[in-house]
Amino acid sequence: MHAEHTRLIELAGHGKDAAELLATLPGLKVAVTGQRLQLCYHPEDYTLRELEALLLRAGHLLSGRLVARTRRAIAHYLDELAHDNLGEAKHDLKTDGVYRQVWQHHPHGDHDDTPQELRRYL
């Protein structure tokens, strides 16, 4: 399981009703302070874009302030990046296959096209 993401949503109105709506979702932690919702979730479960869409369908308006929109855009990008990376397998650099591929593409004695008379021997 990956680390939880903490995101902030700024609403145009009070956030108590929005917090109650989001609190019904499993695996989502919500804290409300005035017009701001602080959300903690795992990237496997939710994205900020999905949670915002849920709020909009329920009639809640997001803040239109430039700072809030910029913060949301950055959070959307980070969520998409994390989601894309969930399917990526980490490469085990210690496997023989990786070293074998590097060795085959690296010029060495077995694959050196330099004529024998031009090679320097120490």
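Residues numbered from 1 in each chain as written. Predicted model: local features only at pLDDT ≥ 70, side-chain atom pairs only at ≥ 80, totals over all residues. Heavy atoms only, no water.

Caption draft 1: View of the pattern of salt bridges. Within the structure shown, the criterion is met by seven salt bridges. Its salt-bridge partner being Glu4, residue Lys29 comes within 3.1 Å of it at the nearest N-O pair. In this pair, Lys29 sits in strand E2 (residues 29-33) while Glu4 sits in the segment before strand E1 (5-10), placing the two residues 25 residues apart along the sequence. Note that Glu52 and Arg72 form a salt bridge whose closest N and O atoms lie 3.7 Å from each other. (Salt bridge = Lys/Arg side-chain N within 4 Å of Asp/Glu carboxyl O. Helix = DSSP H or I, 4+ residues; strand = E, 2+ residues; numbered from the N terminus.)

Caption draft 2: Fine view of the nonpolar core. Core analysis: the biggest nonpolar cluster contains 15 residues, and Ile9, Leu37 and Leu39 have the highest contact counts within it. Mapped by element, the contributors of at least two residues to this core are helix H1 (16-23), strand E3 (36-41) and helix H2 (48-57). Setting aside residues up to four positions removed in sequence, Ile9 forms contacts with Gln35, Arg36, Leu37, Leu39, Leu48, Glu52, Leu55 and Leu62. (Core = buried A, V, L, I, M, F, W, Y, C linked by side-chain atoms within 4.5 Å. Buried < 20%, exposed > 50% of the residue type's maximum accessible area, 1.4 Å probe, protein only. Contact = heavy atoms within 4.5 Å.)

Read these as geometric descriptors, not functional statements.
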